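The lines below spell out each chain.
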Amino acid sequence: MTVNSTRPTFESSLKALEMENIFDRIVYRPVGFRIALGLRYTAITPNMITITSIFVGMAAGWLFYFENIWINLAGIAVLIVANILDCVDGQLARLTGIKSQVGRILDGIAGDLWFISIYIFLSLRLTPHIGGALAWTLAALAGISNLVQANITDYYKTLHLFFISSKDGIEFDSVENVREHLEQMPKCFNRFLYRLYLYYTILQTTITPRLQKFLALLHTLYPNDIPQELRQKLRSESLKIIPNINILTFNWRSLVLFISLLVGQVWIYLLWEIVVLNIAMIIAVSRHEKMCRNFEV
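Report on the accompanying structure.

How each quantity is defined
Residues numbered from 1 in each chain as written. Predicted model: local features only at pLDDT ≥ 70, side-chain atom pairs only at ≥ 80, totals over all residues. Heavy atoms only, no water. Salt bridge = Lys/Arg side-chain N within 4 Å of Asp/Glu carboxyl O. Helix = DSSP H or I, 4+ residues; strand = E, 2+ residues; numbered from the N terminus. Buried < 20%, exposed > 50% of the residue type's maximum accessible area, 1.4 Å probe, protein only. Arc of directions from axis to C-beta. Contact = heavy atoms within 4.5 Å. Phe/Tyr/Trp six-rings, centres within 6.5 Å; stacked < 30°, edge-to-face > 60°. Lys NZ or Arg CZ within 6 Å of the ring centre and 35° of its normal.

### Quick notes on the pattern of salt bridges
Opposite charge on two side chains lets them pair, provided their charged atoms get close.
Right, so step 1: Applying the stated criterion across every chain yields a total of five salt bridges.
Right, so step 2: For Arg 235, the salt bridge goes to Glu 18, with nearest N and O atoms at 2.7 Å. Of this pair, Arg 235 sits in helix H9 (residues 228-246) while Glu 18 sits in the segment before helix H1 (22-39), and the two are 217 residues apart along the sequence.
Right, so step 3: In this structure Glu 18 comes out as partly exposed when scored by relative accessible area, which is 23%.
Right, so step 4: Note that Arg 29 is salt-bridged to Glu 20, the shortest N-O span being 3.3 Å.

Set out below in structure tokens:
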């Protein structure tokens, strides 16, 4: 493994510090950075960390099934560890240069699998109290909401990196690029992951029609690269919407989940997911679509 001998900085382990919310800046990312530093000369790869985080995060869901505050506290600790590992895989990838599209897809799927486990066990926990039909309906609606919210959050954050520079935004993909790459891949597990990524990308473009028109216009006007002055304007406007996007991230979502577990009312979290976070997502998408419309004029 070839690794730069100079000691990397905390900022070099991040995609962009300006996108990080308060919890990540002061807790998760600093801890992840220290762990990544310790692992960068080992044989442990970012994908190994991602896969580990999947199993750890899914175990937290099982611990949330029990109506016992001490077991729930253990589940909260386990989910926090899973999120730290989720930070470590990306930071380790940037420190070592070991990056892959499959790794990025796995990283995106990891959080989805955590919450699928959480929703299953929360529905089982609620069933004796409100009935199976209502419990599973709430869990299903919350799960679908989570998938869509996580999808759009990742899309806007990757887009923001693209506005910073083509290099920073190299992971920003179009449906056409993903479909073309998929057709060239041999049949294997990676192809299966990439097909999931295609559906993921289609959903992103469907939700953001004005953005798609704006990106097409940018490509027509600037086929090689976007002028730096325009990039700066786009970055500045996008940065105004990042706080709206951050409400949909793991940190705020998990905070409400933890509170609902500690007070023994897990339905609070499911309703928060279904109602409050969907409203927050609609506001964020509306603001972003309006931004794109203003740039088109």
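### Examining helix H6 (residues 175-184)
Right, so step 1: Among all positions in H6, only Val 175, Val 178 and Leu 182 are buried. One side of H6 carries all its buried residues, which in axial view fall inside an arc of 70 degrees. Away from the buried face of H6 by more than 90 degrees, exposed residues Glu 176, Glu 183 and Gln 184 are located.
Right, so step 2: Taken together, the buried residues of H6 touch helix H7 (189-207).

### Looking at the packing of aromatic side chains
Right, so step 1: Taken as a whole and judged by the stated rule, the model has 15 aromatic pairs.
Right, so step 2: Taken together, a centroid distance of 5.2 Å and an interplanar angle of 70 degrees make the contact between Tyr 65 and Phe 66 edge-to-face.
Right, so step 3: The exposure class assigned to Phe 66 is partly exposed, which follows from its relative accessible area of 27%.
Right, so step 4: Taken together, the ring pairs connect Tyr 28, Trp 114, Phe 115, Tyr 119, Phe 250 and Tyr 269 into an aromatic cluster.
Right, so step 5: Arg 253 extends its terminal NZ or CZ atom over the ring of Phe 115, reaching a point 5.9 Å from the ring centre.

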